[in-house]
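Chain residues, written in single-letter form:
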Amino acid sequence: MPAVSPRARVLLICSAIVLALLAVAAFAPLPFTVAQPGTTVNVLGSDRGKQVITISGTDTRRTSGQLRMTTIQATGPDATVRLKDVVSGWLDTDRAVMPRDSVYVGGTTEEIERHNAEEMEKSQSTATSAALGYLHRSAKDVKVTLRLADVGGPSAGLLFSLGIVNKLDGDGRGGDLTGGRTIAGTGTIDAKGKVGAVGGVPLKTQAAKRDGATVFLVPKAECSDAEAELPKGLRLIPVTTLKGAVSALQALRSGGAVPRC
């Protein structure tokens, strides 16, 4: 048997190390989550048999069309994600691989659920404040109750606000803010009506198209993400404020100039 040269010996050792590392990586848990398009809910309608938006203390109007908030469905915080899952997620346009920390805040499942519930409650409060502020209505006279089952986080804020505005004022000109369309979207909102980015937008546009939407309201900062894998037939409208979102939908209804990404 011929002698192995020092260089060949080093290469064999390095190859063995690389193969060992690959084997470990293939079976070791990785700090990622794999997400796919989630459910959408019409905030002008009901969810699990209960109205999403209930308003008392003032008259409300009958609405038409839909305003659908969108979600992503991600592997659970305790799920084990391995290299094969990550590679598969990268190759599948219907899924996305995201850092776990970008989806879940907290260490334990209980902490994550508590955080998401708190964020949803805060989102509902700020959405109500933004909508009533836009309409110059007093929270002392108008009581708004928001209900949404099994959804956490702040990303429904914009759609909550638009739903409240539509139920109270429509497009402000006697018509419906939706124009009879199915409109979807996403975005956080603060009490002054400023819209913020949320993440997972490409998956949310897929969910919106799947559930019949023809228009998608997207935080302007996430236009490029939304355009990257935009489903055919879904129109993007960038927004930065509640006022701007209402104005864009008014223009869409009347045939005026509508913002574009």
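Just so it is clear, the model here is predicted, and its values are computed rather than measured. (Residues numbered from 1 in each chain as written. Predicted model: local features only at pLDDT ≥ 70, side-chain atom pairs only at ≥ 80, totals over all residues. Heavy atoms only, no water.)

Asker: What is the right way to read the overall build of the chain from this model?
Answerer: Assigned secondary structure in the chain consists of eight helices and twelve strands. Looking at the chain residue by residue over its 261 residues, the buried ones come to 41%. Contacts in the chain between residues far apart in sequence, at least 24 positions, make up 74% of those at least 6 positions apart. When the accessible surface of the chain is summed, it comes to about 13,700 Å², and 54% of that surface belongs to carbon and sulfur atoms. (Helix = DSSP H or I, 4+ residues; strand = E, 2+ residues; numbered from the N terminus. Buried < 20%, exposed > 50% of the residue type's maximum accessible area, 1.4 Å probe, protein only. Contact = heavy atoms within 4.5 Å. Areas by Shrake-Rupley, 256 points an atom, 1.4 Å probe, with all protein chains shown as cover.)

Asker: Mind showing me how you'd approach the state of the cysteines here?
Answerer: Two cysteines joined by a covalent bond between their sulfur atoms form a disulfide. According to the stated counting rule, one finds one disulfide in the structure shown. Paired through a disulfide, Cys-223 and Cys-261 show a sulfur-sulfur distance of 2.0 Å. Classification of the bridge connecting Cys-223 and Cys-261 rests on its S-S torsion, roughly -70 degrees, and on that basis the disulfide is left-handed. In this pair, Cys-223 sits in helix α7 (residues 223–228) while Cys-261 sits in the segment after α8 (242–254), placing the two residues 38 residues apart along the sequence. Judged by relative accessible area, Cys-223 falls into the buried class, the value being 9%. (Disulfide = S-S within 2.5 Å.)

Asker: Please explain the confidence of the model for the chain as it appears in this structure.
Answerer: Caution applies to low-pLDDT parts of the model: their predicted coordinates are not meant to be read in detail. Here the chain shows a mean pLDDT of 83. Residues at 70 or above account for 73%. Low pLDDT, under 50, characterises residues 18–28; the predicted model gives this stretch six contacts beyond four residues in sequence or across chains. (pLDDT = per-residue confidence, 0-100.)

Asker: Would you mind going over the pattern of salt bridges with me for this structure?
Answerer: Side chains bearing opposite charge may pair, as long as their charged atoms lie close to each other. Enumeration over the complete set of coordinates arrives at three salt bridges. Its salt-bridge partner being Asp-171, residue Arg-253 comes within 3.0 Å of it at the nearest N-O pair. With a gap of 82 residues between them, Arg-253 in helix α8 and Asp-171 in the loop between α5 (157–169) and β8 (182–185) connect regions that are remote in the sequence. Of the residues examined, Asp-171 reaches a relative accessible area of 7% and is grouped as buried. With a closest N to O distance of 2.9 Å, Arg-210 and Asp-211 form a salt bridge. Among the residues examined, Arg-210 registers a relative accessible area of 47% and is labelled partly exposed. (Salt bridge = Lys/Arg side-chain N within 4 Å of Asp/Glu carboxyl O.)

Asker: Hey, could you run me through the side chain of Thr-186 in this one?
Answerer: Here Thr-186 shows up in the loop between β8 and β9 (188–189). The exposure class assigned to Thr-186 is buried, which follows from its relative accessible area of 0%. A distance of 3.5 Å separates the side chain of Thr-186 from the backbone oxygen of Ser-155, its partner in a polar contact. Reaching out from Thr-186, the side chain makes a polar contact with the side chain of Lys-204 at a distance of 3.1 Å. Once residues within four sequence positions are removed from consideration, Thr-186 is found in contact with Thr-70, Ser-155, Leu-158, Leu-159, Val-198, Val-201, Lys-204, Phe-216, Leu-217, Val-218 and Pro-219. (Polar contact = N/O pair within 3.5 Å; in protein donor to acceptor, adjacent residues only side chain to side chain.)

Asker: Help me understand the nonpolar core in this model?
Answerer: For soluble globular proteins, the rule of thumb is that nonpolar side chains tend to be buried together. In this structure, Leu-158, Phe-160 and Leu-162 are the most contacted members of the largest nonpolar core, which totals 43 residues. Once residues within four sequence positions are removed from consideration, Phe-160 is found in contact with Val-43, Val-52, Ile-53, Met-120, Ser-123, Gln-124, Ala-127, Leu-146 and Leu-148. Membership of the second largest hydrophobic core comes to ten residues, among which are Phe-216, Val-218, Ala-226 and Leu-236. (Core = buried A, V, L, I, M, F, W, Y, C linked by side-chain atoms within 4.5 Å.)

Asker: What am I meant to see in the packing of α5 against α8 here?
Answerer: What describes two packed helices is the angle between their axes and the distance between those same axes. The interhelical angle for the contact between α5 and α8, taken along N-to-C directions, is 60 degrees, at an axis separation of 11 Å. What the angle tells us is that α5 and α8 run oblique. Here α5 runs over α8; the crossing is right-handed. Taken together, the residues of α8 that come into contact with α5 (itself represented by Leu-158, Ser-161, Leu-162 and Val-165) are Leu-242, Ala-245, Val-246 and Leu-249. Residues of the contact of α5 with α8, tallied by class, amount to seven nonpolar, one polar and no charged. (Axes fitted to C-alpha atoms, helices over the stretch in contact; angles between N-to-C directions. Parallel < 35°, antiparallel > 145°, perpendicular 65-115°, else oblique. Left-handed = near helix turned anticlockwise from the far one by under 90°. Nonpolar A, V, L, I, M, F, W, Y, C, P; charged D, E, K, R; others polar.)

Asker: What is the right way to look at the pairing of strand β5 (residues 66–74) in this model?
Answerer: If a strand is regular, its side chains alternate between the two faces of the sheet. Bridging between strand β1 (residues 32–42) and β5 involves six bridges; their strand directions are antiparallel. Following the sheet pairing, Asn-42 is matched in β5 by Arg-68. Examined bridge by bridge, β5 and β8 share four bridges and lie parallel to one another. Bridge assignment links Met-69 to a residue of β8, and that residue is Gly-185. (Pairing = 2+ DSSP bridges.)

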